Protein chains: 4
Amino acid sequence: MVRIGIVGATGYSGQELVRYLLRHPHVQISYLASRRLEKPVSFSKMFPEWSGKVHLQCRPFKIQDAIRYCDVIFLALPHAVAMSLTPAFVKAGKYVIDLSGDYRLKSASGFAKAYQMRHADPKGLANAVYGLTELYREQIRKTKVVANPGCYSTASILAAAPLVKRRIVEPAGLIIDAKSGVTGAGKSLKEELLFTEMNEELRAYKPNDHQHMPEIDQALRQWGGRSLRCAFVPHLVPMNRGIFATVYLRLTRRVNEKQMQRWYEEFYKGSGFVRVLPAPSLPKTGRVAYTNDCEIAVRAAQGGRLAIVMATIDNLGKGAAGQAVQNMNVMMGFDEEAGLQ
Amino acid sequence: MVRIGIVGATGYSGQELVRYLLRHPHVQISYLASRRLEKPVSFSKMFPEWSGKVHLQCRPFKIQDAIRYCDVIFLALPHAVAMSLTPAFVKAGKYVIDLSGDYRLKSASGFAKAYQMRHADPKGLANAVYGLTELYREQIRKTKVVANPGCYSTASILAAAPLVKRRIVEPAGLIIDAKSGVTGAGKSLKEELLFTEMNEELRAYKPNDHQHMPEIDQALRQWGGRSLRCAFVPHLVPMNRGIFATVYLRLTRRVNEKQMQRWYEEFYKGSGFVRVLPAPSLPKTGRVAYTNDCEIAVRAAQGGRLAIVMATIDNLGKGAAGQAVQNMNVMMGFDEEAGLQ
Amino acid sequence: MVRIGIVGATGYSGQELVRYLLRHPHVQISYLASRRLEKPVSFSKMFPEWSGKVHLQCRPFKIQDAIRYCDVIFLALPHAVAMSLTPAFVKAGKYVIDLSGDYRLKSASGFAKAYQMRHADPKGLANAVYGLTELYREQIRKTKVVANPGCYSTASILAAAPLVKRRIVEPAGLIIDAKSGVTGAGKSLKEELLFTEMNEELRAYKPNDHQHMPEIDQALRQWGGRSLRCAFVPHLVPMNRGIFATVYLRLTRRVNEKQMQRWYEEFYKGSGFVRVLPAPSLPKTGRVAYTNDCEIAVRAAQGGRLAIVMATIDNLGKGAAGQAVQNMNVMMGFDEEAGLQ
Amino acid sequence: MVRIGIVGATGYSGQELVRYLLRHPHVQISYLASRRLEKPVSFSKMFPEWSGKVHLQCRPFKIQDAIRYCDVIFLALPHAVAMSLTPAFVKAGKYVIDLSGDYRLKSASGFAKAYQMRHADPKGLANAVYGLTELYREQIRKTKVVANPGCYSTASILAAAPLVKRRIVEPAGLIIDAKSGVTGAGKSLKEELLFTEMNEELRAYKPNDHQHMPEIDQALRQWGGRSLRCAFVPHLVPMNRGIFATVYLRLTRRVNEKQMQRWYEEFYKGSGFVRVLPAPSLPKTGRVAYTNDCEIAVRAAQGGRLAIVMATIDNLGKGAAGQAVQNMNVMMGFDEEAGLQ
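Residues numbered from 1 in each chain as written. Chains lettered and ligands numbered in written order. Predicted model: local features only at pLDDT ≥ 70, side-chain atom pairs only at ≥ 80, totals over all residues. Heavy atoms only, no water.

Of the residues lining the interface, 44 residues belong to chain D; the matching set on chain C comes to 44 residues. Note on chain D versus chain C: buried area summed over both sides is about 3400 Å², and carbon and sulfur give 60% of it. At the junction of chain D and chain C, the tally comes to four salt bridges. Two residues, Lys179 of chain C and Asp177 of chain D, come together in a salt bridge whose shortest N-O distance is 3.0 Å. In terms of residue count, the dominant contributor to the side of chain D that touches chain C is strand E9 (residues 169-180) of chain D (seven residues). Its residues placed into classes, the side of chain D that touches chain C shows 22 nonpolar, nine polar and 13 charged. (Contact = heavy atoms within 4.5 Å. Buried area = accessible area lost by both parts, 1.4 Å probe. Salt bridge = Lys/Arg side-chain N within 4 Å of Asp/Glu carboxyl O. Helix = DSSP H or I, 4+ residues; strand = E, 2+ residues; numbered from the N terminus. Nonpolar A, V, L, I, M, F, W, Y, C, P; charged D, E, K, R; others polar.)

And the structure:
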């Protein structure tokens, strides 16, 4: 059994990792840590739902413990923490899957711009692989450090990649209108995230200024061979889980809807977690909740010059913990779907 | 006191009309009707919340009753009903405010295409004025038949008009991504509208195929002097009230954000229900719930070649009953805000 | 016009007071204050929904300002603040309506026990009247200090009083199972009140240990002439507004359901805000949301030896700001329903 | 592998059965049927979430098919259907787990009273075992027909049984105040179950008149050795899943809270799905959602003469499909927790 550690085990992504990994046939959770704790606490006392299932203590995080007890380490921490820990893990020969934004961008200057701070491990950026599994499977297989993508990025890139790859998207022709459930914002104590401020409320935030934009740009530039200037507006909607990305792509030539459908089906052939829906079906967030699935539907508009691609994921599943486990499966040579059914 | 009738008084828009009109200083509700009833029923027995406030019966609809008891008639009915009633009301000299789609399009063939049926009163289309109050105030003042706009259309047109009017929007450069609370779908008994099917769920429907698109096109063509091919994707979100329209306009020249802000403030100067928010404020649906208000914020993206305009309304307020009352105020020469504070 | 001040104007109850008082025909809001502010801020900048409606600044609270600008002062503050301010207001001859728990209990020792602190104005307790308007109208008419009841207390006491008054409730026979929307918990930044912790969640809290119990006991003892030991379990439900109190009363003799119905109708005759529903109607929280109304239904069970009384209010309406305005109306000799329709 | 059939596979309980049984190590779903269908339809076309996981067709129900393809048959149907099918299954030697109310009551006259119709298989009532697994494990082990309990009943009986068994509850001293998520009401097309009628709404229904009352009475009479007259008020709350039962038991003698805690822990020792929470923890519906777990907390009130017991379950889990699978495990001699982790 491969020994697993989860650092940040008390947050939403950490909890979801526990849920997936408990069911995984080839691994064993051997270390749970939180930076908030001052002393070890029974995990099932903190979270009674794990009584009888998890018998570990959740410990104050210590890097030596993680190294001693684990083969694979999941870092489910706020931005700017993983980059100070990862070099030591790498040196100790561990596998690292970082759910934060620290290793997603290839360039330290890009990171500095997006996150408003210097990167602590600029050399590490080169070795990390961007863990959008369906697009980078081969590289993930060979790396020991995976930068797990953002939730918005996962839905948006999966929606756009098949058309971008064909190089028929206009350079400034990509608009992503994304809607997210509130677990996407984590457990931060902000007034705007109180139930009473968010229920019966729909709002946009950081229009065209969200930190996931650069990683979307980076991935699509790689797949399209040139820079695309996307516009991106995220919205928060009053539900717990789910991302619905509506992606509008202006095309350089007319495309037929059936043709597009075939391109998408072909692109995701062999990718068991991505469902390209046949018309007239449309994606629903409820149907992918608590799964690692992604649903996609494509439509042609404006006489075939505009593609409308809709994609749904669970922000904590394919958008975080699910994809992290999928990436582990690829890294470790397990069946890609192990523990994720 | 002007005597008011509401036909379709038991639906969501009908109830909201009662709410607004009860507070109105210059009118008196004198007739409440529903086509579902077989005999008169005490309105406050059906809706205990009106006990002590509404002392009328709700009656089975009869055209002669409406004519006898009312000066102004609000039709809050499904599509395809108002067009068979309105000619008789017009002949009897009544004022009509129709909340359905029957009189919104100027052309009978456009109506036939959008609603998949022949128009029963094609001549009447010419006399009806599209009731987006801020844009057609002068015509509304002179008509006796107002076609109250759709909820999506109201938010979308208010968001786009100031830029469209300046003729700097590319012909195929308009994308409307709209999100609506569920009262927008009315009280229809459909499985997909059950609580358990809609809660914790976000979905798109009728992508680029919604019946509000032609009226948006029509209004923007009038204001922009030429045809704009918009793309329009509506989404349902798990909340009762509110529309959030995120409108993306590709511009023919670079525009500065502050400049845009001034254009919008200027355009809506004197329109007390439209709030152009100063940056960095963004619209929220909760803030306009139960009001006739509209909040708008504008942002420049892609070096000023893309405008992102966000607008919120209450779909039952400015998107239906509120605007209907506003239109009545203009038609009857009342203060435009009477009953709407 | 009577001049009104609201201290704590930025909280949920404060906002709701603004909403009611703006529509009130006999008063004018002349002072808005918050203890959180360091300098005056335009109220409509903080809360854009008041643009064009409220032209005041919200100021850092100063007792002299409140005295100078107001005739009537509403205190919408956390517990333990009002008791240090009220003596000065009383001395200056002002009317005070306190929405906190500070003046609800008649005995300083009861207060000490319930709130775990000494009362700062024990002498003031005697002069304050418990503002459950329907039960203490005459005393409210003559006082200058009203202790506005808690939201749970309002629903529970209104539900129980007509039977308690008849002295047929067994001494230990009163059980109150109460369910509240989340605005009842205020805007406190607690993890358990985050959207994601409260949505799709139902929980009990402080079972038989809530600070509203002593005021319920006190009021029912007054009406029933002897002590009743109630059990009280409050629950939080995932909605913004509303309290549903299900009250179970074990009776000393068999009572007929129709008889009970008549008792309740009689008891609340002349109380325009309380609706005793005819069977088979049952209360709904949605129907009383945004109002000062209370809905009540009574049922007999166990052969007439158990009464089940259900009551709904809006916790911010009849449970806080609405009742506060109703009390002001009674104190000032206005029509009891002024501003509350 | 044991071959499983689910009749009523498209409803909420049917779907949940699929979810649990797919993960089950010892069974294979071999038959899915719905009475609504006219011809076989690919299950994963109807429910895209099962693509790649379920390869069966969902068929129009035929009794011979069920007999041919299955060893164990789950009936997830409305009341009054199972009783006309079960005799044939019994004759064919099949195992039947009925999720409806048809076989829960031991007496045909009790059934007639509760469901307002004659029972079609009165002899069958004697052979069916009431499937509250923790209480009737031994009988379930020996039967071929299990009547799976109602969701309210499961939570209420689990909460009350340990005290009732000790015969210290007063005969008329049991009050159950239960709150349920909306999936409990199924997928029926009723106006009151529309999202817009249920969101931001809390309501009671059938106070003291719900069809689950007789089965609760029956079970508690068996455990307590005498009749208890319970009062039972169910409420609907705006969430999808979860039941919170707050049970008030008036005791014939004073009981200490710690003593009660021990009694409950003892009673549920060896029952892995029931968690008796240590004080001060309280049950939460979210924590048991999507599981077969039950959380219980006990409190003493009124000097030890009143017990307040709170219990939560997922109405589709322990309240329906989860417990049905648990019962199958017991009937078939599998590990009781198989497929339910």
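Still to come is the rest of the account.
Residue and element names in this part refer to chain D. Across the interface, helix H7 (residues 133-142) lies against helix H13 (residues 317-332) with an axial gap of 9 Å and an inter-helix angle of 35 degrees. Where H7 crosses over H13, the two elements pack in a sense that is right-handed. Taking contact as the criterion, the partners of Thr133, Glu134, Arg137, Ile140 and Arg141 in H7 are, on H13, Lys318, Gln323, Gln326, Asn327, Val330 and Met331. Residues belonging to the contact of H7 with H13 are distributed by class as follows: three nonpolar, four polar and four charged. (Axes fitted to C-alpha atoms, helices over the stretch in contact; angles between N-to-C directions. Left-handed = near helix turned anticlockwise from the far one by under 90°.)

Take the domain arrangement of chain A next. It is common to give the size of an interface as the accessible area lost on bringing the parts into contact. All names here are of chain A. Structurally, chain A comprises domain 1 (2-149 + 319-332) and domain 2 (152-315). Put simply, the middle of domain 1 and the middle of domain 2, counted by C-alpha atoms, are 25 Å apart. On the domain 2 side, the residues contacting the 23 residues of domain 1 number 29 residues. Among the residues of domain 1 in contact with domain 2, Tyr12, Glu134 and Leu135 are the three that bury the most area, contributing 26% of the side total. The tally of links between domain 1 and domain 2 comes to two salt bridges. The partner of Glu16 in a salt bridge is Arg241, with the nearest N and O atoms 2.6 Å apart. (Domains from an automatic or database assignment.)

For the rest of this paragraph, the subject is empty space enclosed by the protein. Considering all chains together, one arrives at five cavities of 30 Å³ or more under this definition. By volume, the largest cavity is sized at about 100 Å³. Taken together, the residues of the lining of the largest cavity sort by class into eight nonpolar, four polar and two charged. (1 Å grid on protein atoms, 1.4 Å probe; cavity = no way out; pocket = protein on both sides within 12 Å on 5 of 7 lines; lining within 4 Å. Points joined across faces, edges and corners; volume = space filled by probe spheres on them.)

This part covers the sheet that holds strand E12 (residues 243-251) of chain D. All names here are of chain D. Read across the sheet, seven strands follow the order E10-E11-E9-E12-E15-E14-E13 without closing on themselves; strand pairing throughout is mixed. Single-partner strands in this sheet number two, and they are strand E10 (203-204) and strand E13 (274-276). Relative to strand E11 (residues 230-236), E9 runs parallel, the two being bridged by seven bridges. Directly across from Asp177, in E11, lies its bridge partner Val233. (Pairing = 2+ DSSP bridges.)

Across all of its chains, the model carries 36 aromatic pairs over all chains by this definition. Aromatic side chains Tyr130 of chain B and Tyr136 of chain B sit 6.1 Å apart centroid to centroid with 85 degrees between the ring planes, which places their arrangement in the edge-to-face category. Per residue, the accessibility class of Tyr130 of chain B equals that of Tyr136 of chain B, and both read buried. Summarising the aromatic geometry, the rings of Phe111 of chain D and Tyr115 of chain D are spaced 4.8 Å apart at their centres and angled 25 degrees between planes, so their arrangement reads as stacked. Of the two residues, Phe111 of chain D and Tyr115 of chain D both sit in helix H5 (residues 108-115), four residues apart, roughly one turn of that helix. Residue class for Phe111 of chain D comes out buried when judged on its relative accessible area of 1%. (Phe/Tyr/Trp six-rings, centres within 6.5 Å; stacked < 30°, edge-to-face > 60°. Buried < 20%, exposed > 50% of the residue type's maximum accessible area, 1.4 Å probe, protein only.)

A few words on the relation of the copies chain B and chain A. Note on the copies: chain B fits chain A at an RMSD of 0.0 Å, the axial shift is 0.0 Å, and the rotation between them is 180 degrees. Look at the turn and shift together and you get a two-fold axis relating the two. In this assembly, 100% of the residues forming the interface of chain B have copies in chain A that are likewise at the interface, indicating an isologous arrangement. (Least-squares fit on C-alpha atoms with pLDDT ≥ 70 in both.)

Backbone geometry follows two general trends: most residues other than glycine have a negative phi, and most peptide bonds adopt the trans configuration. Cis peptide bonds are those with omega within 30 degrees of zero, and the linkage from Ala279 of chain C to Pro280 of chain C qualifies with 5 degrees. Mapping Pro280 of chain C onto the fold places it in the loop between strand E13 (274-276) and helix H12 (285-288). Residues other than glycine seldom take positive phi values, yet Glu200 of chain B does so here, at roughly 55 degrees. Relative to the elements of secondary structure, Glu200 of chain B occurs in the loop between helix H9 (195-198) and strand E10 (203-204).

This brings us to the interface of chain B and chain A. Residue-level contacts link 44 residues of chain B with 44 residues of chain A. Of the roughly 3400 Å² buried between chain B and chain A, counting both surfaces, carbon and sulfur atoms make up 60%. Three residues stand out in chain B for area buried against chain A, namely Glu200, Leu202 and Gln302 of chain B, and they jointly supply 18% of the buried area on that side. Residues Lys284 of chain B and Glu201 of chain A are paired through a salt bridge, measuring 3.9 Å at the closest nitrogen-oxygen approach. Applying the counting rule to chain B against chain A returns 20 residue pairs in polar contact (both at pLDDT 80 or more). Those elements that provide at least two residues to the side of chain B that touches chain A are strand E9 (169-180), E10, strand E11 (230-236), strand E12 (243-251), helix H12 (285-288), strand E14 (294-301) and strand E15 (306-313) of chain B. (Polar contact = N/O pair within 3.5 Å; in protein donor to acceptor, adjacent residues only side chain to side chain.)

Residue and element names in this part refer to chain B. Burial analysis of E9 places nine of its twelve residues in the buried class, which makes it a mostly covered element. Where E9 meets E12, eight bridges bridge the pair, whose relative direction is antiparallel. The residue of E12 that forms the bridge with Ile176 is Val247.

Looking now at the state of the cysteines. The final tally for this structure, using the stated rule, is zero disulfides over all chains. Left unpaired, Cys151 of chain A is separated from the closest cysteine sulfur, that of Cys294 of chain A, by 13 Å. With no disulfide of its own, Cys58 of chain B lies 12 Å from the sulfur of Cys70 of chain B, the closest cysteine sulfur. With relative accessibility at 0%, the residue Cys58 of chain B sits in the buried group. (Disulfide = S-S within 2.5 Å.)

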